[in-house]
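# Architecture and fold: a report
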Amino acid sequence: MPYPGDSGENGNIVYGNGRQNGGQAYTVKQAFAEGGLKAGVSHAARVTYSVLSRRKAAEEGAARLARVLSALDLTALGVGSTLGVGVYVLAGDVAKNYAGPAVILSFLLAAVASVFAGLCYAEFGARVPKAGSAYVYSYVCVGEFIAFLIGWNLILEYIIGAASVVKALSEYLDSLFNKAISSYLQAAMPMDSPHLASYPDLFAFAVIMVFSVALAFGVKESSKFNNFCTGVNLCVVLFVIISGSFKADSKNWKIPASEVPQNTGKDFGSGGFAPYGLAGIIKGAAVCFYGFIGFDCVATAGEEARRPQKTIPFAVVASLLVVFLAYCGVSSVLTLMLPYYMQDEKAPFPFVYDRLGWSWAKYAVSVGAICALCSSLLGAVFPLPRIMYAMSSDGLLFRCMGRVSQRFQTPLVGTLVAGVFTGTLAMIFKLEQLIHMMSIGTLLAYSMVASCVLLLRYECSPAAQRVPAPALTVRGVLRPLAELIRTPAPAAPTAATAALVAALVSCYGVWCFIMMSSINQYGDAILRGEPGPTAMLVVGALLVVSTLYAISRQPVSEKKLAFYVPLVPWLPGLSILINVYLMLNLDYMTWVRFGVWISAGLLIYFTYGVWNSSERRRTQESVQLTQFHDSQTALLNNGLQHTLG
């Protein structure tokens, strides 16, 4: 079987580091024959790397999708997909179990971490205004293989996100109708399996298909519905904040330890503003961080946004600001109305209004929760077919998934297929089974985007790329670092400095893992000052800071953009550090399920995607054109010699 980069049946590599023999590509087979095992393996490794690191140009081409979304539409999309039902649930859960009234600080820390990731997304929205979000960003910067993994992971996250939201919507409406829907379906179609739901949720399947069909037949019409739902949601949030302020009591933020319940079987801390201490605030921030997931769907609309270089950065930052203000206001009012240890973590606001004697208010909250679920569902369904469209357009997924309807200018087939698959998951699985995988792919995508910002910010110009970079050995990395101390860095990026930054970013990921592992596993020992864990933390911190400092000394790319991430490399580096810490807090089974999904993706990539990649085809055509030009030149030279002779 020929390699994916071959141009013929005999393994003629058409790109990479292979040399040409008389117009014919130097093949792996020839390398084995001429140089033996070592030369053959070395050449095969170079070919494999060239295949897996194929990149797309970060340029805006002609958009095939309709550019109909304004900055307001994008902001509403980001707010709607992020400010979901979590605003009605998350504040009570974190206040009671993690941070107390200091839940405000937890939301602040989570918002800061999200803004770091959001700024990185915003720069890429200005740099790569294409549909596909982190997938396209990775393809432009890192290479095809990593891009496929990120895109495949995002597909999983959006599928699970949409399925869990529609399942929550179904269960919420079922509770409003006194379990009438579930009782009928369980009696008519019971499912006796410990790994599935107790009944097929046909209502959830129907809702997801309605949303998918609506998106398939027009983005602008769907965005109007999303704007309406988001507007109602924000109005209800304002109602909660204003109505709750009339019953606010600052004493609930200063509860003495003697009044905190002690014999309830649960530790409610020591009272006051931060009853669980700094550790509780940080743990609460890790939970609150997931309440900000969803803003990245704005970046998937790059091909449907007007003036994407300006509207996408604005929409990302604006949506995160609105969401943080909503979370901050709601959590403040909630903990001021009722002591933190009395909160109901499942439905805090209906519980609080019942305690206050305002039973009518909980119905207003229910309307807001339904609208929040609808806008969250649209925000989860919207990016899924666009990721599939981007990957299939590049040949990494089956091309029929990216077929764009001439009439509606939307990826019709991909949208409907995604809807059927998502609806099926929502129909047969329990809600808690769906939400286990909600975070790992998103955090990995955030980390990849932040890494891409670092790499692209220090990339060299196309002219400098023609100069080959030195081999990335340990000596090749340490020597330039030593020269940084003695001599100033060059004025413009070169192939050598870009390769050095790539090596430093790779090392930085390892240092983050070491540092965050020490905190995650030995946090209590570090607080007690034990020498071993403390030394591990100090070494990790020194490596992290010194690596970022070394990156900051490199020359920066002169490419002009409409938006830049400030404080590079420190801000993207901090974003990566936080994301690594949150990923290390995930449970073992989440990583196992993640591995199963990735294995399925690798099977598709190596059996289909790597052979049908548009970048492979483009490279083959360019090499065939070069070989044709060389043969024409040879013929002309032979003819000229014959004439002169």
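Residues numbered from 1 in each chain as written. Predicted model: local features only at pLDDT ≥ 70, side-chain atom pairs only at ≥ 80, totals over all residues. Heavy atoms only, no water.

Moving on, we get to the overall build of the protein. Scanning the protein from N- to C-terminus turns up 24 helices and two strands. Within the protein, the fraction of its 645 residues that count as buried is 52%. In the protein, once contacts between residues fewer than 6 apart in sequence are set aside, the share between residues at least 24 apart is 81%. Working note: accessible area of the protein is about 28800 Å², and carbon and sulfur atoms make up 66% of it. (Helix = DSSP H or I, 4+ residues; strand = E, 2+ residues; numbered from the N terminus. Buried < 20%, exposed > 50% of the residue type's maximum accessible area, 1.4 Å probe, protein only. Contact = heavy atoms within 4.5 Å. Areas by Shrake-Rupley, 256 points an atom, 1.4 Å probe, with all protein chains shown as cover.)

Our next topic: the confidence of the model for the protein. Mean pLDDT for the protein: 76, with 77% of residues reaching 70 or above. For the protein, per-element mean pLDDT is lowest for strand 1 (residues 20-21), which scores 44, and highest for helix 21 (residues 531-552), which scores 90. Considering only residues more than four positions removed or in separate chains, one finds that residues 1-24, a stretch of pLDDT under 50, has 64 contacts. (pLDDT = per-residue confidence, 0-100.)

A few words on the packing of aromatic side chains. Under the counting rule described, the total for this entry stands at 19 aromatic pairs. Plain terms: the ring middles of Phe 107 and Phe 292 are 6.4 Å apart, the flat faces sit at 70° to each other, and that makes the pair edge-to-face. Placement of the pair is Phe 107 in helix 4 (residues 103-127) and Phe 292 in the loop between helix 10 (277-289) and helix 11 (308-337), with a sequence separation of 185 residues. In this structure an aromatic cluster arises from ring pairing among Phe 145, Phe 148, Trp 152, Trp 597, Tyr 605 and Phe 606. (Phe/Tyr/Trp six-rings, centres within 6.5 Å; stacked < 30°, edge-to-face > 60°.)

We now examine the packing of helix 11 against helix 12 (residues 348-356). Remark: helix 11 packs on helix 12, axes separated minimally by 11 Å, with the N-to-C direction vectors making an angle of 35°. Once helix 11 is placed against helix 12, the crossing between them reads as left-handed. Within the contact between the two elements, helix 11 uses Val 330, Leu 334 and Met 337 and helix 12 uses Pro 348, Phe 349, Val 352 and Leu 356. (Axes fitted to C-alpha atoms, helices over the stretch in contact; angles between N-to-C directions. Left-handed = near helix turned anticlockwise from the far one by under 90°.)

So, on to helix 8 (residues 202-216). With 15 residues, helix 8 extends 21 Å from end C-alpha to end C-alpha; this agrees with the ideal 21 Å at 1.5 Å per step. Where helix 8 is concerned, the buried positions are Ala 204, Val 207, Ile 208, Met 209, Phe 211, Ser 212, Leu 215 and Ala 216. (Expected span 1.5 Å × (residues − 1).)

Right, let's get into the pattern of salt bridges. Here the structure, examined in full by the defined rule, presents two salt bridges. The salt bridge partner of Lys 167 is Asp 201, with a shortest N-O separation of 3.5 Å. One end of the pair, Lys 167, is in helix 6 (residues 144-176); the other, Asp 201, is in the loop between helix 7 (180-188) and helix 8, with 34 residues separating them in the sequence. Looking at Asp 201, the relative accessible area reads 0%, which means it is buried. Across the salt bridge formed by Glu 530 and Arg 528, the nearest N and O atoms sit 2.9 Å from each other. On the accessibility criterion, Glu 530 (32% relative accessible area) is partly exposed. (Salt bridge = Lys/Arg side-chain N within 4 Å of Asp/Glu carboxyl O.)

Moving on, we get to unusual backbone geometry. In this structure, the amide linkage connecting Val 568 to the following residue, Pro 569, adopts the cis form with an omega of 10°. On the secondary structure map, Pro 569 appears in the loop between helix 21 and helix 22 (570-584). At Leu 567, a residue that is not glycine, the phi angle is positive and equals roughly 55°.

On to the nonpolar core. Among soluble globular proteins, nonpolar side chains are generally buried collectively. Among the nonpolar cores identified, the biggest contains 154 residues, and Ile 155, Phe 292 and Leu 377 are the most heavily contacted of them. Considering each element in turn, this core owes the most residues, 18 residues, to helix 6. With residues near it in sequence (within four places) discarded, Phe 292 still touches Thr 82, Phe 107, Ala 110, Ala 111, Ser 114, Leu 320, Val 323, Phe 324 and Tyr 327. If you look at the next biggest cluster of nonpolar residues, it comprises six residues, including Ile 255, Val 260, Tyr 340 and Tyr 341. (Core = buried A, V, L, I, M, F, W, Y, C linked by side-chain atoms within 4.5 Å.)

With that settled, the discussion passes to a nonpolar patch on the surface. On the surface, Leu 105, Leu 108, Val 112 and Phe 273 cluster together into a nonpolar patch covering about 280 Å² of accessible area. Relative to the assigned elements, Leu 108 resides in helix 4. Looking at Leu 108, the relative accessible area reads 37%, which means it is partly exposed. (Patch = residues over 30% accessible without salt bridge, like charges linked within 9 Å, V, L, I, M, F, W, Y side chains within 5 Å.)

Here helix 13 (residues 359-381) crosses helix 14 (residues 383-393) at 5°, and the two axes come no closer than 4 Å. As judged from the angle between their axes, helix 13 and helix 14 are roughly parallel. Across the interface between the two elements, Gly 379, Ala 380 and Val 381 of helix 13 pack against Pro 383, Leu 384 and Pro 385 of helix 14. Across the contact of helix 13 with helix 14, the residue classes tally to five nonpolar, one polar and no charged. (Parallel < 35°, antiparallel > 145°, perpendicular 65-115°, else oblique. Nonpolar A, V, L, I, M, F, W, Y, C, P; charged D, E, K, R; others polar.)

Further remarks concern the side chain of Arg 457. Examined against the element boundaries, Arg 457 turns out to sit in helix 17 (residues 440-457). Here Val 565 takes part through its backbone oxygen, which lies 3.2 Å from a polar atom of the side chain of Arg 457. Apart from residues no more than four positions distant in its own chain, Arg 457 is found in contact with Glu 123, Val 556, Ser 557, Tyr 564, Val 565 and Val 568. (Polar contact = N/O pair within 3.5 Å; in protein donor to acceptor, adjacent residues only side chain to side chain.)

When you line up the elements, Trp 591 lands in helix 23 (residues 588-612). Given a relative accessible area of 37%, Trp 591 falls into the partly exposed group. Distance from Trp 591 to Ile 440, taken between C-alpha atoms, is 8.0 Å for residues 151 residues apart in sequence. When near neighbours in sequence (up to four residues on either side) are disregarded, Trp 591 contacts Ile 440, Met 583 and Leu 586.

In this section: the state of the cysteines. The tally for this structure, following the rule as stated, stands at zero disulfides. Distance from the sulfur of Cys 120, which forms no disulfide, to the nearest cysteine sulfur (Cys 452) is 9.7 Å. (Disulfide = S-S within 2.5 Å.)

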